[in-house]
Every structure is written in structure tokens, then in C-alpha cells.
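# Structural overview for review
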Amino acid sequence: NPRWIWITPYRVDEERQDENKWFAQLKLKWYNDDLSGIHMHLTSKKEIVVDLRKGFDGGDLLLDDGVHTSLEGHIYIVRQFLTTLSESRRNSVEN
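Summarised in this report is the structure supplied together with it. (Residues numbered from 1 in each chain as written. Predicted model: local features only at pLDDT ≥ 70, side-chain atom pairs only at ≥ 80, totals over all residues. Heavy atoms only, no water.)

## Focus on the environment of histidine 41
Here histidine 41 shows up in helix H3 (residues 32–43). Overall, histidine 41 belongs to the partly exposed group, its relative accessible area being 47%. Each C-alpha atom of the pair histidine 41 and threonine 8 lies 9.1 Å from the other, and the pair is 33 residues apart in sequence. (Helix = DSSP H or I, 4+ residues; strand = E, 2+ residues; numbered from the N terminus. Buried < 20%, exposed > 50% of the residue type's maximum accessible area, 1.4 Å probe, protein only.)

Here's what the structure looks like:
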């Protein structure tokens, strides 16, 4: 049976994104308050949820624009995804 797997948004670095000339020119802005609302909604779901806020501190995980993930950020996301799936599988086998 197919199952939903939700992935929460990570926090962006609002300061760094404000300094990005392309985002400013296009008037693009991501707000952590909005992302927190999405995070709360997704973590209330009964399906599997990969919570990217756990341990996602920005820093080297984000590119200079403060929004997009770096290679290290992508590696973090994949690790969280695989960890969550393996824990979910282990819990379903134990029950």
C-alpha cells in the first residue's frame, strides 16, 4: 500500500536572504513564522513525518542566499529521511 511521507520545511536565514540582491529585486521573501506554521501542521499528521528542524541550524547547511541547501544540507536531509524511514519500519515490525 502506498503511504504518505511528509517532509517539514527547515528554517531559513532571513538576514542572509534579505542581503541577496536577486531576492530583493524580485521581492521574494520566506518567513520563518510561516514555515513554523507549516511545520506544526505537518507534525500533527498521522503519516510518517521527516522533521528537518531537528538539528538543522542553517550555517553550513545553507548556501549564501540563506534559503537553498548546500551539499552538506542535502546530505543532512537524506540522512534525516533515511533515519525516519528506518525508525518507522522498525516500529511497524515491533508492533
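Having put the structure on the table, let's press on.
## Some remarks on the packing of aromatic side chains
Counted by the stated rule, this structure contains four aromatic pairs. With a centroid separation of 5.1 Å and 65° between ring planes, the pair formed by phenylalanine 23 and tryptophan 30 is classed as edge-to-face. Among the residues examined, tryptophan 30 registers a relative accessible area of 30% and is labelled partly exposed. Where phenylalanine 56 meets tyrosine 76, the ring centres are 5.5 Å apart and the plane angle is 70°; that geometry is what we call edge-to-face. Of this pair, phenylalanine 56 sits in the loop between strand E2 (48–50) and helix H4 (71–94) while tyrosine 76 sits in helix H4; the two residues are 20 residues apart in sequence, bridging distant segments of the chain. Assessed through its relative accessible area of 6%, phenylalanine 56 is described here as buried. Cluster of aromatic residues (ring-pair linked, three or more members): Tyr10, Phe56 and Tyr76. It is lysine 45 that lies over the ring of tryptophan 6; its NZ or CZ is 5.1 Å from the centre. (Phe/Tyr/Trp six-rings, centres within 6.5 Å; stacked < 30°, edge-to-face > 60°. Lys NZ or Arg CZ within 6 Å of the ring centre and 35° of its normal.)

## Here's the deal with unusual backbone geometry
With phi around 55°, lysine 27 is a residue other than glycine that occupies positive phi space. Here lysine 27 shows up in the loop between helix H2 (21–26) and H3. We classify lysine 27 as exposed; its relative accessible area is 75%.

## What about the side chain of asparagine 20?
Mapped onto the elements of the fold, asparagine 20 is located in the loop between helix H1 (14–18) and H2. Within the local environment of asparagine 20, its side chain forms a polar contact with the backbone nitrogen of tryptophan 22, the two atoms lying 2.9 Å apart. (Polar contact = N/O pair within 3.5 Å; in protein donor to acceptor, adjacent residues only side chain to side chain.)

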